Amino acid sequence: MKRAQLGTTVFTAAQISQMVARVATEIQQDYADQISEVIFVGVMKGAYLWMGDLLRAIGGDVQMDYLRVGSYLNDGSTGEVTLLDDLRLDVTGKTVILLDEVIDSGLTLLWLKELLQARGAEAVKIAVAFDKRQTQQVAFPVDYIGASAPNDFLVGYGMDYNDHFRNLSYIATLDLVEV
Ligand SMILES: O=P(O)(O)OC[C@H]1O[C@H](OP(=O)(O)OP(=O)(O)O)[C@H](O)[C@@H]1O
Ligand code: HPA
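Just so it is clear, the structure is predicted and the values come from calculations on it, not from any experiment. (Residues numbered from 1 in each chain as written. Chains lettered and ligands numbered in written order. Predicted model: local features only at pLDDT ≥ 70, side-chain atom pairs only at ≥ 80, totals over all residues. Heavy atoms only, no water.)

Student: How should helix α1 (residues 13–31) be read in this particular structure?
Tutor: Think of an α-helix as 3.6 residues a turn; residues three or four steps apart then line up on the same face. Compared with an ideal rise of 1.5 Å per residue, which puts 19 residues at 27 Å, α1 spans 27 Å between its outermost C-alpha atoms and is within 8% of the ideal. Of the positions making up α1, those classed as buried are Ile 16, Met 19, Val 20, Val 23, Ala 24, Ile 27 and Tyr 31. Along the long axis of α1, the arc covered by the buried residues comes to 140 degrees, so they all point the same way. Structural note: α1 exposes Ala 14, Gln 18 and Gln 29 on the side pointing more than 90 degrees away from its buried face. In the segment just after α1, Ala 32 is the residue with positive phi, at about 40 degrees. (Helix = DSSP H or I, 4+ residues; strand = E, 2+ residues; numbered from the N terminus. Expected span 1.5 Å × (residues − 1). Buried < 20%, exposed > 50% of the residue type's maximum accessible area, 1.4 Å probe, protein only. Arc of directions from axis to C-beta.)

Here you go:
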């Protein structure tokens, strides 16, 4: 049997706060007085801290909704994205910014971008806290990136191992030790 234990800290809470403030400023500058027309969509469950922190840092009047998807089992992608809870807001003709705490293979965000485009969104942008892609071979742009992260399995700030460790306000590697 394997037991999960925290490894090394990769990003501290202070580093994450700085990164949130920077991305919030980038989005404020890009949308200025149009910001209240943008729909921010959190990709749950993992986006819950990123969404809360980023939208408070942006401030003012914004619209938000969320959906819930799943594709990871233990520490690996199943290669298949499942929509578990859908949006309530209609995105037809709207600018949407998808918020996710991590992009890894890119499968989840590519799948969601195509879904919202097919529903008639005018523009679908992406803002991630952490980018684990080692090469940029995933053929779609990520518009806002908090930080590049190592290609280790990470937990904290929304990232989980079987639903554990999402609540950490820092990011750590995870060691799976044989017991
Ligand atoms: O780029 P990818 O390889 O698709 O990986 C990134 C996705 O994986 C995680 O979600 P998960 O499916 O584990 O669901 P969760 O948000 O409930 O943890 C994470 O929150 C991203 O949405
Ligand atoms: O490193 C990770 N940790 C947790 N969930 C994830 N989903 C993609 N990559 C990761």
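Student: Please explain the sheet that holds strand β8 (residues 154–155) as it appears in this structure.
Tutor: Think of a sheet as strands paired side by side through backbone hydrogen bonds, with each pair either parallel or antiparallel. Across the sheet, three strands lie side by side as β1-β9-β8; this open sheet has antiparallel pairing. Each edge of the sheet is formed by a strand with only one pairing partner; in this case those strands are β1 (2–11) and β8. Bridge count between β8 and strand β9 (residues 171–178): two bridges; the pairing is antiparallel. In the strand pairing of β9, Leu 154 is matched with Thr 173. (Pairing = 2+ DSSP bridges.)

Student: Just to check I follow, could you spell out the site of ligand 1 for this structure?
Tutor: Residues in close proximity to ligand 1 total 18 residues, the closest being Ser 71, Tyr 72, Asp 100, Ser 105 and Thr 108. Asp 104 places a main-chain nitrogen or oxygen 2.8 Å from an oxygen atom of ligand 1. Here an oxygen atom of ligand 1 and a side-chain polar atom of Arg 166 are 2.9 Å apart. Within the residue set of the shell around ligand 1, elements represented by two or more residues are β3 (63–73), β5 (95–103) and α3 (107–118). Taken together, the residues that form the shell around ligand 1 break down as six nonpolar, six polar and six charged. (Near = heavy atom within 4 Å. Polar contact = N/O pair within 3.5 Å; in protein donor to acceptor, adjacent residues only side chain to side chain. Nonpolar A, V, L, I, M, F, W, Y, C, P; charged D, E, K, R; others polar.)

Student: Before we go on, may I ask you to explain the packing of aromatic side chains in this structure?
Tutor: What characterises a pair of aromatic rings is the spacing of the ring centres plus the angle enclosed by the ring planes. Taken as a whole and judged by the stated rule, the model has three aromatic pairs. Relative to Phe 130, the ring of Phe 11 lies with its centre 4.9 Å away and its plane at 35 degrees, an arrangement referred to as tilted. Of this pair, Phe 11 sits in strand β1 while Phe 130 sits in strand β6 (residues 123–131), placing them 119 residues apart in sequence. Neither residue differs from the other here; Phe 11 and Phe 130 are each classed as buried. Between Phe 153 and Tyr 161 the ring centres are 6.2 Å apart and the planes differ by 80 degrees, which places this aromatic pair in the edge-to-face class. Judged by relative accessible area, which is 13%, Tyr 161 ranks as buried. (Phe/Tyr/Trp six-rings, centres within 6.5 Å; stacked < 30°, edge-to-face > 60°.)

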